[in-house]
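Report on the structure
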Amino acid sequence: MYELWSARGSGGAIIEAILTLANAPVRIIDAPPWEDGPHLEKLRQVNPLGQVPVLILPDGTVMTESGAMVLLLGERHPEAGVVPALEDPLRPAFLRWLFFVTASIYATFRFDDHPERWVSGEDCRTELRERVGAARKAMLRQLDDEAGAPFFLGDRFTALDLYIATMSHWKPRLDWVSKNCPRLDAIVRRIKADPRLEGVLIRHFG
Ligand SMILES: N[C@@H](CCC(=O)N[C@@H](CS)C(=O)NCC(=O)O)C(=O)O
């Protein structure tokens, strides 16, 4: 049995969706990093960054970093169909954009969600928020330019579509994505209409 430390509306939705597609048993532990409580200390014990998702494998191995979890679950549960296999010609593009969404986009939220961790003074914090927000919008536009249809990689559904469906709910939020990133918006709608994922996505995003 897997154990997933997650929180409503977080990137834990991506990992939960993959485990659902794989039909893999999982125990979900609600550990919202943005709420005070005794869970925070426990979360820091498994992930010193205090971030979710954290995936504990059936043998007790702790994994942080959603991109690493996606690749591992893709290997262990190929039936979930979310990671192109080694010989698949789509694999290089998948890897490129998986690292783009995780290392370049997802990683930015820790800066404008918590500017006080990085700079002091309200002016600096406002500027940091604005610059990170603008950089993120530019990256979302780049992602939109590269997006295929009906899925990011064309005919093939992958974990990239789960990241797009999840992250589009975060800043600058779904309304902005709908207006500025029509291809991403179409992917979000497509993923939300997938009956296999309805339970997970409604639980996380309503
Ligand atoms: N690089 C990490 C990013 C994880 C992350 O930023 N998670 C957010 C929730 S969606 C979080 O826990 N934020 C709280 C914080 O950074 O303090 C990953 O891909 O898993």
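Everything numeric here is computed off the predicted structure, so don't read it as measured data.

1. Focus on the overall build of the protein
A tally of regular secondary structure across the protein gives 10 helices and 4 strands. The secondary structure elements of the protein, listed N-terminal to C-terminal, are β-α-β-α-β-β-α-α-α-α-α-α-α-α. The C-alpha atoms of the protein give a radius of gyration of 17 Å, which matches the 17 Å a tight globule of 206 residues would have. Taken over 206 residues, the protein has a buried fraction of 50%. Taking the contacts inside the protein whose residues are at least 6 apart along the sequence as the reference set, 66% of them involve residues at least 24 apart. Element-wise, carbon and sulfur atoms account for 53% of the exposed surface of the protein, whose accessible area totals about 10,400 Å².

2. With respect to the domain arrangement of the protein
Structurally, the protein comprises domain 1 (2–80) and domain 2 (91–194). The interface of domain 1 with domain 2 comprises 16 residues on the first partner and 13 residues on the second. Both sides together, the interface formed by domain 1 and domain 2 hides about 1,100 Å², and carbon and sulfur atoms give 69% of it. Looking only at domain 1, the three residues that lose the most surface to domain 2 are Ile14, Val70 and Leu71, adding up to 40% of its buried area. Inspection of the domain 1/domain 2 interface yields 0 salt bridges.

3. Some remarks on the pattern of salt bridges
Counted according to the given criterion, the structure contains 11 salt bridges. In this structure, Glu3 and Arg27 form a salt bridge, with 2.7 Å as the shortest nitrogen-oxygen distance. One end of the pair, Glu3, is in strand E1 (residues 2–6); the other, Arg27, is in strand E2 (residues 26–30), with 24 residues separating them in the sequence. Of the charged contacts in the structure, one is a salt bridge between Arg189 and Asp185, with a shortest N-O distance of 3.1 Å. Of this pair, Arg189 and Asp185 are both found in helix H9 (residues 182–192), 4 residues apart, which corresponds to roughly one turn of the helix. Judged by relative accessible area, Asp185 falls into the buried class, the value being 12%.

4. What to know about the site of the ligand
Near the ligand, the surroundings consist of 13 residues, among which Gln51, Val52, Glu65, Ser66 and Tyr106 are the closest. Within the contact set of the ligand, an oxygen atom lies 3.0 Å away from a side-chain nitrogen or oxygen of Arg117. Surface burial for the ligand is 90%, taken as the share of its 520 Å² of free accessible area covered by protein chains. Looking at the shell around the ligand residue by residue, the classes come out as 6 nonpolar, 5 polar and 2 charged. Taken domain by domain, the makeup of the shell around the ligand includes at least three residues from each of domain 1 (2–80) and domain 2 (91–194).

5. A closer look at the packing of aromatic side chains
To describe a pair of aromatic rings, one takes the distance between the centres and the angle between the planes. What the rule picks out here adds up to 6 aromatic pairs. Aromatic pair Trp97 and Phe100: ring centres 5.0 Å apart, planes at 75°, arrangement edge-to-face. Of this pair, Trp97 and Phe100 both sit in helix H4 (residues 91–105), separated by 3 residues, roughly a single helical turn. Comparing Trp97 with Phe100, the two get one shared label, buried. Here the aromatic rings of Trp97 and Phe152 are separated by 5.7 Å at their centres, their planes lie at 65°, and the arrangement is edge-to-face. Of the two residues, Trp97 is situated in helix H4 and Phe152 in the loop between helix H6 (122–146) and helix H7 (159–167); the sequence distance between them amounts to 55 residues. The burial state of Trp97 is the same as that of Phe152; both residues are buried. Through successive ring pairs, a cluster of aromatic residues spans Trp97, Phe100 and Phe152.

6. A closer look at the side chain of His77
By the secondary structure assignment, His77 is in the loop between helix H3 (66–76) and H4. Setting aside residues up to four positions removed in sequence, His77 forms contacts with Tyr2, Ala22 and Ala24.

What counts and how
Numbers given to residues run from 1 along each chain, matching the order in which its sequence is written. Given that this is a predicted model, residues contribute local features only at a pLDDT of at least 70 and side-chain atom pairs are listed and counted only at 80 or more, while totals for whole chains, interfaces and linings are drawn from all residues. Working from all heavy atoms in the structure, the side-chain values ignore hydrogens and water. Here a strand is any run of E in DSSP of at least two residues, a helix any run of H or I of at least four, and the numbering for each starts at the N terminus. To get the radius of gyration, use the C-alpha atoms; to get the globule rule, take the number of residues to the power 0.38 and multiply by 2.2 Å. Burial classification: accessible surface area is computed with a 1.4 Å probe over protein chains only, and a residue below 20% of its type maximum counts as buried, one above 50% as exposed, and the rest as partly exposed. We call two residues contacting when some pair of their heavy atoms lies within 4.5 Å. Only the protein chains shown count as cover for residues, and the accessible areas themselves come from Shrake-Rupley with a 1.4 Å probe. Note that domain bounds follow an automatic or database assignment of domains. Here the buried area means the combined drop in accessible surface, using a 1.4 Å probe, for two parts upon being joined, counting both sides. Whenever a carboxyl oxygen of Asp or Glu lies within 4 Å of a side-chain nitrogen of Lys or Arg, that contact is scored as a salt bridge. Neighbouring residues are identified by heavy atoms, a residue being near a molecule or strand if any of them is within 4 Å of it. Here a polar contact is taken to be a pair of N or O atoms separated by no more than 3.5 Å, where protein atoms must pair a possible hydrogen donor with a possible acceptor and residues adjacent in sequence count only if both atoms sit in side chains. All amino acids are sorted into three groups, where Ala, Val, Leu, Ile, Met, Phe, Trp, Tyr, Cys and Pro are nonpolar, Asp, Glu, Lys and Arg are charged, and the leftover types, Gly among them, are polar. Note on aromatic pairs: the rings of Phe, Tyr and Trp (six-membered ring only in Trp) are paired at centre separations within 6.5 Å, and the planes decide the class, stacked below 30 degrees, edge-to-face beyond 60, tilted for the rest.

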